[in-house]
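Residue strings, one per chain:
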Amino acid sequence: MSHIHRLDGLAAQPADVIGGKAHGLNELLRLGLPVPPGFVIDVAACRQFLRDGRFPDGLDEALASLGAPGVAVRSGAAVSMPGMMDTVLDVAPDRVRAAVEAVFASWHTPRATTYRELHGIPHDLGTAVIVQAMVFGDRDQRSGSGVAFSRDPSSGAPELFGEVLFGRPGTDVVGGAHATRPLADLASREPAVWAELSSALRRLERHYRDVCHVEFTYESGRLWFLQVRPGGLVGRAAVRVAVDLADERVIDRRTAVDRVSERDLRAARTPRIRTGDVLARGQGASPGVAAGRIAVTADSAARMAAAGPVVLVRPHTSPLDMHGLAAATGIVTSRGGPTSHAAVVARSMGKPAVVAAAALTVDAAAGCVRAGDRTVPEGTFITIDGTGGEVVLGDPGTTAGTEDPHLSRLLSWTDRAAPSPGSSPPGG
Amino acid sequence: MSQDTVLHTLRCIGYAELARVADACGLDEADVESHLIDLAVDGFVTREFGGWGLTEVGRAEDARRTAGELDRAGAREAVASAYQDFMVLNPELLDLSTAWHMRTADGVAVANDHADASYDALVFGRFADLDRRAGAVCADLGAALPRFNRYRVRLTKALDRARGGDLGYLADRIDSYHSVWFQLHEDLLATLGIPR
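Note that the structure is a prediction, hence the values are computed from the model and not measured. (Residues numbered from 1 in each chain as written. Chains lettered and ligands numbered in written order. Predicted model: local features only at pLDDT ≥ 70, side-chain atom pairs only at ≥ 80, totals over all residues. Heavy atoms only, no water.)

A. Representation of unusual backbone geometry within the structure. All names here are of chain B. In this structure, Phe 49 is a non-glycine residue whose phi angle is positive, near 50°. As for its position among the elements, Phe 49 is in the loop between β1 (45–48) and β2 (51–54). Phi angles above zero are rare outside glycine, and His 114 is one such case at about 60°. The exposure class of His 114 is partly exposed, given its relative accessible area of 35%. (Helix = DSSP H or I, 4+ residues; strand = E, 2+ residues; numbered from the N terminus. Buried < 20%, exposed > 50% of the residue type's maximum accessible area, 1.4 Å probe, protein only.)

B. Representation of the domain arrangement of chain A. Examined at the domain level, chain A breaks down into domain 1 (4–133), domain 2 (144–230), domain 3 (235–269 + 401–412) and domain 4 (272–398). On a C-alpha basis, the centroid separation for the pair domain 3 of chain A and domain 4 of chain A is 30 Å. (Domains from an automatic or database assignment.)

C. Local environment of the sheet that holds strand β17 (residues 353–355) of chain A. Residues and elements named next belong to chain A. Reading across from one edge, β12-β22-β21-β14-β15-β16-β17-β13 is the order of the 8 strands in this open sheet, with mixed pairing throughout. What marks the edges here is a single partner per strand, and that holds for β12 (277–281) and β13 (283–286). Strand-to-strand twist across the sheet, computed as the mean angle between neighbouring axes with direction ignored, equals 35°. Judged from the 2 bridges that link them, strand β16 (residues 330–333) and β17 form a sheet pairing that is parallel. Each bridged residue has a counterpart across the sheet, and for Ile 331 the counterpart in β17 is Ala 353. Its contacts with the sheet place helix α14 (residues 341–348) against β13, β16 and β17, and it is angled at close to 45° to β13. (Pairing = 2+ DSSP bridges. Axes fitted to C-alpha atoms, helices over the stretch in contact; angles between N-to-C directions. Contact = heavy atoms within 4.5 Å.)

D. Just the interface of chain A and chain B, in detail. Tallying the contact residues gives 33 residues for chain A and 41 residues for chain B. On inspection of chain A and its partner chain B, the count reaches 2 salt bridges. At the boundary of chain A and chain B, one finds 8 residue pairs in polar contact (both at pLDDT 80 or more). Contributing elements (two or more residues each) for the side of chain A that touches chain B: α5 (110–119), α11 (262–268), α12 (298–304), α13 (322–327) and α14 of chain A. No other element matches α5 of chain A, which puts 7 residues into the side of chain A that touches chain B. Class assignment of the residues belonging to the side of chain A that touches chain B gives a composition of 13 nonpolar, 12 polar and 8 charged. (Salt bridge = Lys/Arg side-chain N within 4 Å of Asp/Glu carboxyl O. Polar contact = N/O pair within 3.5 Å; in protein donor to acceptor, adjacent residues only side chain to side chain. Nonpolar A, V, L, I, M, F, W, Y, C, P; charged D, E, K, R; others polar.)

The structure is reproduced here in structure tokens:
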């Protein structure tokens, strides 16, 4: 039996055979959505390779029938292990075998092993490897890449949300070195791509009966999907999506209730920022809401803190910023991620932090922060939410989960009582 | 020589009280204070924000001295190579520090309340495993430039304190394993002249 499967949306191998990412690509194809041509080498082939070094038959034939001058070689396990394994981009056909072997072998890197230990994932699962024709987000002025959510992942509100980089490849969207633009900027710059993306996300929601997010690249005005993933929202956002989908008759109320876990309900009680004038959004990296005046260097944070609370806003942090972090009431970085040094230090100090606020640029020399076309000087009062990742101008205040109308409605559909913070889940 | 060490230590740890500077240097407090005063007279360091720290002039002076040290020792290639190895371990150390603070269950990341001793033991075990692998990087660095040996001593001390039951030494304190690692990261960038 062959371990290499064409991605064509026809055969429907389950995710435990071809991995979650390839499974999603087949779903996209089944819906008639554009996916770069390619094939997947299944997880059984990886297990065999890791066991005895035997490489699956048929790679050369599969590559020849693909006929692409350059391919992307990506990992895709049955269980999501984001960022743990290798991806090799723009590989020439004669180098594909080595790239596939590198991705197989990356299953056993110590970091991936640690991840599986921490998340209770068996070590013998192995990963599938996806080989697809390259599409280039940096091909020309009419190319770009981004991520798009069918609903706001922070609040669950029914509006498209995401980030885009014009003229850049997808690796730069997650890399954090480039300031991203809000997804809505696509509407004016590439109206056809925007329209196709919006309609695809609506179709994907109906198909999965759940919120979805996609990674995409558009090359010379032509849209391609590289990944789709349903669900993944937590806390109040998960509650809102479940209630809205029930109201939209996409799912029934019982399904809505079943989709929300006790942990979501407890997370939904965490005080969150009220919607206000959002300057930027990043990832929440240390929970809690903090409000104070912007400081753009550690020294000014330490000086300004004498006169009142300060939020330190930096591209990233180094040990040289520690006195600023210590003085600040909250921390924002434009780069990094939830596992950056800044995030670790913020959590160790118990301070709310937002990281990867990629739309922000910090100009320490000019003493200001820029977000798109806006310039905000040091000293401006902002509020940050280390759960949802919002950076908001002024002090909009916070809202407790008990006031959340969606949570109240969901609870009215069930006999579950609202959990109080720190209470044990029923039966546990 | 040890004045260079004091200056460079401040470059890597940021503003710090005398005791913390001395510990990071591995030198006697009185000696360190004497060097700090000399460095302050030259305008390289300053006493502010509750501790000693580098001035902009001091930062440039350290870059000059460190580059000279690296070239005299002929160690640039060895340190650059060890930095590559360090950067393989760095994401895993950050994953582990994050796992120490936050625990993901049913897709929801919640604060690790340390009520589950088996989870904490799992995280500690992976820290210890990473530390064994970091040993090779530290040894390479120490062979290239002996001042790097101080990190091995400080990392071991933090891990031993954690092993002894004081688990805050993993990622919660200013002298935690993560903090020392963070400073080693900064040191490598500063030594090789790589912008963060």
